[in-house]
Amino acid sequence: LNAGNKKDDGETQESVEESSVEPDVQRLQEEATPEPPAPEEAALIVNEDEGIHALITQYYNAMASGDSAAMAAVYDEISDNDLLRYEETAKYLSSIPAMDIYTKPGLEQGNTVVYVYYRLCFLNHEEQEIPGWQTFYVCDNGQGGLYIKNELNFTEEEKEYVKVVSKQDDTVEFNNRVNAEYNELMEGNPQLLSYLGELGLQVDTALGVRLAEMNAATEPPAEDGSPEEGAAPEE
């Protein structure tokens, strides 16, 4: 960095002294502060953090009830489109009988990559529990609480980190196990697979209608050139 700069002897001597001291200071700091485990060293474990359990429980309770305010409260940011989709989907949900939480350390201290195995029951199909899984990036809000970070707000480093840990053997095995359970259920219940497809179309249709209504409500009335009410027409 100093190449091409002209300095007097005093400045040059000071630069040499600083360069000889800094490596030792850096080495001591590195020895005193243990580095967080590298992604390849982080095992997928059953969650034991009460804060994470409470946050994820709040998420699934909000999803089951279609409570937009409660859903928005667990995120750093969430779109109206997503909130409306949760509301419409909740109309078909009967219950969430199972929820198992697993974790890996996040990129930064206080953050966690969370993997959730769940089973859902839908109306008119309460006897069949549909398995699935989701990935969340849970962050410390700096005030003693936690929130789910919207993936649209991930930094490039966070995107790469989550991608790496999600490709580790134990995570892949977890995902494959859930996918196999889902596929087995659908193969034995083709009518359920058809129902889920129809449900998705109904949710999409209802969502489109609601978004159109919201847009219409926020648009100013079209000017048709007619005189305002109570005003005399111009001659």
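Just above sits the structure.
Below you will find a few notes about this structure. What you see as residue numbers is a count from 1 along each chain, following the sequence as written. Given that this is a predicted model, residues contribute local features only at a pLDDT of at least 70 and side-chain atom pairs are listed and counted only at 80 or more, while totals for whole chains, interfaces and linings are drawn from all residues. Hydrogen atoms and water are omitted, and side-chain values are computed over all heavy atoms in the structure.

Per the convention used, a helix needs a DSSP run of H or I reaching at least four residues, while a strand needs a run of E reaching at least two, with both numbered from the N terminus. On a plain count of helices and strands, the protein chain comes out with 7 helices and 5 strands. Each helix and strand of the protein chain, placed in order from N terminus to C terminus, yields the pattern α-β-α-α-α-β-β-β-β-α-α-α. Classification of residues uses two cut-offs on accessible area relative to the type maximum, computed with a 1.4 Å probe and protein chains only: under 20% is buried, over 50% is exposed, and between them is partly exposed. Sorting the 235 residues of the protein chain into buried and exposed places 31% on the buried side. Pairs at least 24 residues apart make up 63% of the contacts formed inside the protein chain by residues separated by at least 6 positions. Accessible areas in this description were obtained via Shrake-Rupley with a 1.4 Å probe; residue shielding takes into account the shown protein chains only. When the accessible area of the protein chain is evaluated, it comes to approximately 15,500 Å², of which 50% is carbon and sulfur surface. What makes two residues a contact is simply this: any of their non-hydrogen atoms within 4.5 Å.

In this structure, Asn124 takes a positive phi of about 70° despite not being glycine. Residue position: Asn124 is located in the loop between strand 3 (112–122) and strand 4 (125–140).

This next bit is on the packing of aromatic side chains. Classification of ring pairs uses Phe, Tyr and Trp, with its six-membered ring standing for Trp, and accepts pairs whose centres are within 6.5 Å; under 30 degrees between planes counts as stacked, over 60 as edge-to-face, and the remaining range as tilted. Per the counting criterion, the structure on display carries 10 aromatic pairs. Each ring, one from Phe122 and one from Tyr195, has its centre 6.3 Å from the other, and the planes form 65°; the classification is edge-to-face. Here Tyr195 lies in helix 7 (residues 190–218) and Phe122 lies in strand 3, a separation of 73 residues in the sequence. A single burial state applies to Phe122 and to Tyr195, both of which are buried. Taken together, the ring pairs in this structure connect Tyr59, Tyr60, Tyr75, Tyr86, Tyr118 and Phe136 into an aromatic cluster.

On to helix 5 (residues 156–166), then. In an α-helix there are 3.6 residues to a turn, and that puts residues three or four apart on one side. Taken residue by residue, helix 5 has Glu158, Tyr161, Val162 and Val165 as its buried positions. Buried residues of helix 5, seen end-on, are gathered within an arc of 95° and therefore sit on one face of the element. For helix 5, the secondary structure elements touched by its buried residues are strand 2 (93–105), strand 3, strand 4 and helix 6 (169–188). Directions pointing from the helix axis toward each C-beta atom define the arc.

Next up on the list: the sheet that holds strand 4. At least two bridges found by DSSP between two strands is the condition for calling them paired. Strand order in the open sheet formed by 5 strands is 1-2-3-4-5, and the pairing between neighbours is antiparallel. Unpaired on one side and paired on the other, strand 1 (45–46) and strand 5 (146–148) mark the two borders of the sheet. Pairing between strand 4 and strand 5: 3 bridges, direction antiparallel. The partner of Val138 across the bridge, within strand 5, is Ile148. Throughout, an axis means a line fitted to C-alpha atoms (over the contacting stretch in the case of helices), and angles, computed between N-to-C directions, take values from 0 to 180 degrees. Relative to the sheet, helix 2 (residues 50–65) contacts strand 2, strand 3, strand 4 and strand 5, its axis offset from that of strand 2 by approximately 150°. Along the sheet face, helix 5 touches strand 2, strand 3 and strand 4 and points at about 65° away from the line of strand 3.

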